[in-house]
Amino acid sequence: MSEPFEPRILGLLCSWCAYGGADTAGVSRFQYPANIRIVRVMCSGRVDPLFVARAFEQGADGVLVAGCHPGDCHYVSGNAFAEQRFARFGRLLDFFGIDRRRLRLAWVSASEGARFAAVVSEMTEELRALGPLRMQVP
């Protein structure tokens, strides 16, 4: 009998807010699935869609891009830029047959450890329901 599917999630977290939220979740001992691997980035607006495409190519079942709440970006409009960029990138995911639910954009402040844990938990459950991402890479 095979083991149940456990999704692999790459988390690209803003250094100023979302990464702090992940740290708060850990310090506060909020429970969330261990399916996520976190990479700290300076701003969600600096996340290149090619990073997401490469993550899918390398075996990630989902990618979480998390940053500061709108209006609270430490770089003024980085999160607004990320939101626009990933709305356009969603059309490319559609073209390649990748369900848009595999890419999630979330706003988490450094004090919102419970919110971070909830976002990861929700995304993990959604990806479990979707099943593994099967990409055919030439």
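For the structure, see preceding data.
It should be emphasised that the depicted structure is a prediction, and the values quoted were computed from it without experimental measurement. (Residues numbered from 1 in each chain as written. Predicted model: local features only at pLDDT ≥ 70, side-chain atom pairs only at ≥ 80, totals over all residues. Heavy atoms only, no water.)

As for the overall build of the chain
Phase 1 of the analysis: When helices and strands are tallied, the chain shows 4 helices and 4 strands.
Phase 2 of the analysis: The order of helices and strands in the chain, counted from the N terminus, is β-α-β-α-β-α-β-α.
Phase 3 of the analysis: Since a compact globule built from 138 residues should have a radius of gyration of about 14 Å, the 15 Å found for the chain is in line with a globular shape.
Phase 4 of the analysis: On the principal axes, the C-alpha backbone points of the chain span a range of 40 × 35 × 20 Å. (Helix = DSSP H or I, 4+ residues; strand = E, 2+ residues; numbered from the N terminus. Rg over C-alpha atoms; globule rule 2.2 N^0.38 Å.)

Focus on the environment of Ala118
Phase 1 of the analysis: Topologically, Ala118 is positioned in helix α4 (residues 113–130).
Phase 2 of the analysis: Looking at Ala118, the relative accessible area reads 32%, which means it is partly exposed.
Phase 3 of the analysis: Each C-alpha atom, one on Ala118 and one on Ile38, is 16 Å from the other, the two residues being 80 residues apart in sequence. (Buried < 20%, exposed > 50% of the residue type's maximum accessible area, 1.4 Å probe, protein only.)

Considering helix α1 (residues 18–27)
Phase 1 of the analysis: Along α1, the positions that sit buried rather than exposed are Ala18, Gly20, Gly21, Ala22 and Ala25.
Phase 2 of the analysis: Residues of α1 that are buried make contact with β1 (9–14), β2 (36–41), β3 (62–67) and α4.
Phase 3 of the analysis: Arg29, located one to two residues past α1, shows a positive phi value of around 60°. (Contact = heavy atoms within 4.5 Å.)

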